[in-house]
Amino acid sequence: MAETEQDSDAPRMELSEEVAAVCLGLKVPQSPFLNANRIQRIEAARYEGQEIQGALHVVQASDRVLEVGAGIGVVSGVVALNAKPEKVLSFEANPALVPTIQMLHKINGLEGRIELRNQVLYAGEGRPETMPFYVHESYLGSSLIERKGRSAQTVDVPTAAMEEVIAELNPTVLIMDIEGGELALLEVMPLDPFRAIVIEFHPGAYEIAGMRRCKTILRDAGFQKVEEVSTRNVWTCVRGEGATP
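Residues numbered from 1 in each chain as written. Predicted model: local features only at pLDDT ≥ 70, side-chain atom pairs only at ≥ 80, totals over all residues. Heavy atoms only, no water.

### What about the nonpolar core?
Note the following rule: To qualify as a nonpolar core, a set must consist of buried Ala, Val, Leu, Ile, Met, Phe, Trp, Tyr and Cys residues joined through side-chain atoms within 4.5 Å. With a 1.4 Å probe rolled over the protein chains alone, any residue whose accessible area is under 20% of its type maximum counts as buried; one over 50% counts as exposed, and the rest are partly exposed. Here a helix means four or more residues in a row that DSSP labels H or I, a strand means two or more in a row labelled E, and each is numbered from the N terminus.
Ranked by size, the top nonpolar core spans 37 residues in total, and within it Leu26, Val28, Ile42, Val59, Ile72, Val74 and Ile175 carry the most contacts. Elements supplying a minimum of two residues to this core: β1 (19-23), β2 (26-29), α2 (49-58), α3 (74-82), α4 (98-107), β5 (114-117), β9 (173-176) and β10 (196-200). Per element, the largest residue contribution to this core is five residues, and it comes from α3. Formed by 31 residues, the second largest nonpolar core is a distinct cluster that contains Val68, Phe91, Met189 and Leu191.

### Considerations on the pairing of strand β8 (residues 153-161)
The line we're drawing: One requirement defines pairing of two strands: DSSP has to find at least two bridges between them.
Summarising the sheet, strand β6 (residues 120-122) and β8 pair through three bridges and their orientation is parallel. Paired with Tyr122 across the strands is Ala161, a residue of β8. The pairing of strand β7 (residues 130-135) with β8 spans six bridges and is antiparallel. Within β8, the residue paired with Val135 across the bridge is Gln153.

### Quick notes on the environment of Lys106
Basically, it comes down to this: For this analysis, residues touch if any pair of their heavy atoms sits within 4.5 Å.
Mapped onto the elements, Lys106 comes out in helix α4. Owing to a relative accessible area of 44%, Lys106 belongs among the partly exposed residues under this scheme. Along the sequence, Lys106 and Pro29 sit 77 residues apart, while their C-alpha atoms lie 9.7 Å from each other. In this structure, Lys106 is in contact with Glu17 and Glu111, ignoring residues within four places of it in sequence.

### Looking at the sheet that holds β8
So the rule is basically this: Angles run from 0 to 180 degrees between N-to-C directions of axes, and those axes are lines fitted to C-alpha atoms, restricted for helices to the stretch in contact.
The three strands are arranged β6-β8-β7 in an open sheet whose pairing can be described as mixed. Each end of this open sheet is capped by a strand with a single partner; those strands are β6 and β7. Across this sheet, the average inter-strand angle for adjacent strands is 45 degrees, counted without regard to direction. Sheet strands touched by helix α5 (residues 162-169): β6 and β8. Its angle to β8, the strand with the most contacts, is close to 55 degrees.

### Considerations on the environment of Val75
Within the fold, Val75 resides in helix α3. On the basis of relative accessibility, which here comes to 5%, the residue Val75 falls in the buried class. Considering only alpha carbons, one finds Val75 and Gln53, 22 residues apart in sequence, at a separation of 9.4 Å.

### So, the pattern of salt bridges
Definition in use: The salt bridge definition used is simple: a Lys or Arg side-chain nitrogen within 4 Å of an Asp or Glu carboxyl oxygen.
Tallied over the full model, the rule gives eight salt bridges. The salt bridge partner of Arg64 is Glu86, with a shortest N-O separation of 2.7 Å. A residue pair is termed long-range when its members are at least 10 positions apart, and Arg64 in strand β3 (residues 64-68) and Glu86 in the loop between α3 and β4 (87-91) qualify at 22 residues. Its salt-bridge partner being Arg213, residue Glu187 comes within 3.0 Å of it at the nearest N-O pair. One end of the pair, Glu187, is in helix α6 (residues 182-188); the other, Arg213, is in helix α7 (residues 203-220), with 26 residues separating them in the sequence. Residue classification places Glu187 among the partly exposed positions, given a relative accessible area of 39%.

### Observations concerning the confidence of the model for the protein chain
Stated formally: pLDDT is a residue-level measure of predictor confidence that goes from 0 to 100.
Mean pLDDT for the protein chain: 90, with 89% of residues reaching 70 or above. Every residue in residues 8-13 scores below 50 in pLDDT, and together they form 20 contacts with partners more than four places removed in sequence or on other chains.

### Examining the pairing of β5
Remark: a regular strand shows side chains that alternate across the two faces of the sheet. Of the strand pairs in this sheet, β4 and β5 are connected by four bridges, and their pairing is parallel. Its bridge partner being in β5, Ser90 is matched across the sheet by Leu116.

### Notes on the sheet that holds β5
Strand order in the open sheet formed by seven strands is β5-β4-β3-β9-β10-β12-β11, with mixed pairing between adjacent strands. The open sheet is flanked by β5 and β11 (224-225), the only strands paired with a single partner. Relative to strand β12 (residues 234-238), β11 runs antiparallel, the two being bridged by two bridges. Counterpart to Lys225 in the pairing with β12 is Cys237.

### Description of the packing of α2 against α3
Inclusion rule: Roughly parallel means an angle under 35 degrees; roughly antiparallel means over 145; roughly perpendicular covers 65 to 115; every other angle is labelled oblique. What makes a crossing left-handed is the near helix being turned counterclockwise from the far one by less than a right angle; a clockwise turn instead makes it right-handed.
Interhelical geometry of α2 versus α3 gives an angle of 30 degrees and a closest axis separation of 10 Å. With respect to α3, the element α2 is oriented roughly parallel. Crossing hand, α2 versus α3: right-handed. Contact residues: Glu51, Ile52, Ala55 and Leu56 in α2; Val74, Val75, Val78, Val79 and Asn82 in α3.

Here it is, written out as C-alpha cells:
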C-alpha cells in the first residue's frame, strides 16, 4: 500500500552521512524526510516498491534512463546500483529534496552514474522560464498541481525543455512519478525514444477518467503493460516482445 501525504516528515534532523536504511544494497542517508514507518518500508523494498520492481525488470546496462520525479532518490539509486545503466538523468522539482538526493548519490558512489537537475521538464511550445511548484508538509504530496483546501508553500522552479533533454540524453527508458503532473506531460511529450516506461498514475489528481487517458496515450504510442510487474496505478510497459496485451 502506498504512503500518503499525511505520512508526515517529522521528526526533523540535520542531514548527514549516517545510513538510516538499506534497500537492495542502496544505502539511504538519514534525512529530515525519514520517519520510522518510511525507514521500515525502505528496508523491506516496499517504499516505491512497484516502481523499483518494474524498473529492475526492464532496465539494462545499455540503457539511458530519464527519471522525472526523483523523490528522495531511492528508485533511481536502486536502479543505478543494481541494473547499472549507462546513464541516469534525474529531475526533481522540489528544491528541499536536492541535498538529500545528493547525499544518497555520494554515500553510494553514484555521482558519476546519476546526474540530478532541480528543474521542471516542460514539453511543447511556450515554455516559461520558471513554474510554480507547491511544497506540502510531506514531500509525497508536493507537486505542480495546486490542490484546493491544502496549504502549501509555493516555490518557482526553473524549467527545462523536454525536447532538448531528449536530444541530449538519447534516453531509452522513462521512469515517471510526478504526483499527477504525468497526464499533462504525456499529452504533449514525445514517446518514440523510449522502449520501456515505468509510470505511477495519480487518479486522485485527475480522477479515473484522467488515468484512463494516460493509459490510452501509452497504448496508442505502442506500449503494452508487463502484467507481472504492473498494477492498476503503476505500469511497467514496453514495446515489442515481452509485452502483454
